[in-house]
Amino acid sequence: MIRGRYSLVLALPKGRNFEDGYSALQKAGLELPKVKGERTMIHGREGGIAILELRNADVPLYVDLGIADAGVVGKDVLLESGRDVYEPVDLRTGVCRLSLIRHPASTGPIRRIATKYPNFTTRVMRERGWVADVLELAGNVELAAVTGLADAVVDVVQTGASIRAAGLKELEVLAHSSARLIVNRQALKLKSELLRPLITKLREQV
């Protein structure tokens, strides 16, 4: 198993949260391996700290199932994944929100919602008693509202500039998101001498 070969295995997401997560962990005192390039799947030497550079959606899975001891990922990804991980620190980077978005000309009932977050959207609908079909899209979600494929969309919003440019309106913020440190629950017990000081230092930083 990979966990036996390294003192600590960390899962970091490709994209906007990687550099922020790497920097925060380094400032907290971890001696992190240098990231050599996209083709390297595991960064680090045996006996030291390893970094797994993963797609955003895969980070909670690797941490929950114990392949990685801890990781950094956006709250939006956590909400969609539904994985049972310990979430001790809000790093307060990668700030955004998950919002319900619609074309201003659309005034009828919402029967179809397009999103990259089908699990989260379905859960919100159930909690609110909404009845609508959820369409999972991998590409440009805003296009679904512009073309009429869906009556509304649920998507990540940062500044709102792209929504305004597409002529759409943000109706409601459903959840707020930022980068979080997540920890495997068993690893927190087995590697407490490494993970608990890390959690404390990260909390002090933010």
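The coordinates are above.
Here we summarise the structure given alongside this text. Values in this document were obtained by computation on a predicted structure and should not be read as measured data. Each chain carries its own residue numbering, running from 1 in the written order of its sequence. Only residues with pLDDT of at least 70 are given local features in this predicted model, and only at 80 or more are side-chain atom pairs given and counted; all residues enter the totals for whole chains, interfaces and linings. Heavy atoms throughout the structure, all of them, feed into the side-chain values; hydrogens and water do not.

### Observations concerning helix 5 (residues 118-128)
- Here helix 5 has its buried residues at Pro 118, Phe 120, Thr 121, Val 124 and Met 125. Axial view of helix 5: buried residues confined to an arc of 165°, hence all on one face. Residues of helix 5 that are exposed and point over 90 degrees away from its buried face: Arg 126 and Glu 127.
- Note on contacts: a residue pair qualifies if any of its non-hydrogen atoms lie within 4.5 Å across the two residues. Helix and strand labels come from DSSP, where a helix needs a run of H or I of at least four residues and a strand needs a run of E of at least two; each type is numbered from the N terminus. Of the surrounding secondary structure, the elements contacted by the buried residues of helix 5 are helix 4 (75-81), strand 6 (96-102), strand 7 (112-115), strand 8 (133-136), strand 9 (152-157) and strand 10 (169-177).
- Taken from the residues just after helix 5, Gly 129 is the one with a positive phi, measuring 75°. The rule is simple: take the accessible area with a 1.4 Å probe, protein chains only, and divide by the maximum for that residue type; under 20% is buried, over 50% is exposed, in between is partly exposed. The arc refers to the directions leading from the helix axis to the C-beta atoms.

### Side note on the nonpolar core
- Among buried residues, the Ala, Val, Leu, Ile, Met, Phe, Trp, Tyr and Cys ones that are joined through side-chain atoms within 4.5 Å form a nonpolar core. With 25 residues, the main nonpolar core has Leu 10, Leu 25, Leu 30, Leu 32, Leu 181, Leu 195 and Leu 202 as its most contacted residues.
- Counting residues per element, the ones that place at least two in this core are strand 1 (8-13), helix 2 (16-27), strand 3 (49-54), strand 4 (70-74), strand 11 (179-183), helix 8 (185-190) and helix 9 (192-205).
- Counting residues in each nonpolar core, the second largest holds 14 residues, with Leu 54, Val 59, Val 63 and Leu 78 among its members.

### Points about the sheet that holds strand 4
- Strand pairing follows a simple DSSP-based rule, namely that at least 2 bridges must link the two strands. Read from one edge to the other, the open sheet built from six strands follows the order 2-3-1-4-11-5, with strand pairing classed as mixed. Here the strands that pair on one side only, and so sit at the sheet edges, are strand 2 (42-43) and strand 5 (86-90).
- Where strand 4 and strand 11 come together, five bridges link them in antiparallel fashion. Paired with Val 72 across the strands is Leu 181, a residue of strand 11.
- As a rule, the C-alpha atoms of each element are fitted with a line to give its axis, helices using only the stretch in contact, and angles between N-to-C directions run from 0 to 180 degrees. Helix 2 rests against strand 1, strand 3, strand 4 and strand 11 of the sheet, and its axis sits at about 145° to strand 1.
- Running at roughly 35° to strand 5, helix 9 makes contact with strand 1, strand 4, strand 5 and strand 11 of the sheet.

### Concerning the packing of aromatic side chains
- Within 6.5 Å between ring centres, the rings of Phe, Tyr and Trp (the latter by its six-membered ring) count as paired, and their orientation is classed by plane angle as stacked under 30 degrees, edge-to-face over 60, tilted in between. Evaluated as defined, the whole model comprises one aromatic pair.
- The interplanar angle of 25° and the centroid separation of 6.0 Å between the aromatic rings of Phe 18 and Tyr 22 together place this pair among those described as stacked. Of this pair, Phe 18 and Tyr 22 both sit in helix 2, four residues apart, which is roughly one turn of the helix.
- The class of Phe 18 is buried, set by a relative accessible area of 10%.
- Overall, Tyr 22 belongs to the buried group, its relative accessible area being 14%.

### Comments concerning the side chain of Arg 180
- Examined against the element boundaries, Arg 180 turns out to sit in strand 11.
- Residue Arg 180 is classed as buried on the basis of its relative accessible area of 13%.
- Pairs of N or O atoms are called polar contacts if they sit within 3.5 Å, as long as, within protein, a hydrogen donor faces a hydrogen acceptor (for residues adjacent in sequence, only side-chain-to-side-chain pairs). A polar contact of 2.7 Å, which involves the side chain of Arg 180, links it to the side chain of Glu 87.
- Arg 180 has contacts with Gly 71, Val 72, Val 73, Lys 75, Leu 78, Glu 87, Val 89, Asp 90 and Leu 91, leaving out every residue within four places of it along the chain.

### Here's the deal with the sheet that holds strand 9
- If you walk across this open sheet you meet the five strands as 8-7-9-6-10, and the pairing is mixed. The open sheet has two free edges, formed respectively by strand 8 and strand 10, since each of these has just one partner strand. The sheet shows a mean angle of 25° between the axes of neighbouring strands, taken without regard to direction.
- Bridge count for strand 6 against strand 9 is five bridges, and the pairing is antiparallel. Across the sheet, residue Ser 99 finds its bridge partner in strand 9, namely Asp 155.

### Section: the environment of Glu 31
- With respect to the helices and strands, the residue Glu 31 is situated in the loop between helix 2 and strand 2.
- Assessed through its relative accessible area of 70%, Glu 31 is described here as exposed.
- Along the sequence, Glu 31 and Gly 48 sit 17 residues apart, while their C-alpha atoms lie 8.4 Å from each other.

### What about helix 9?
- Expected span of a helix: the number of residues minus one, times 1.5 Å. Between its first and last C-alpha, helix 9 extends 19 Å over 14 residues, near the 20 Å set by a 1.5 Å rise per residue.
- For helix 9, the full list of buried residues reads Leu 195, Leu 198, Ile 199 and Leu 202. The buried residues of helix 9 occupy an angular sector of 100° when projected down its axis, which confines them to one face. Looking at helix 9, the residues exposed on the side facing more than 90 degrees away from the buried face are Glu 193 and Glu 204.

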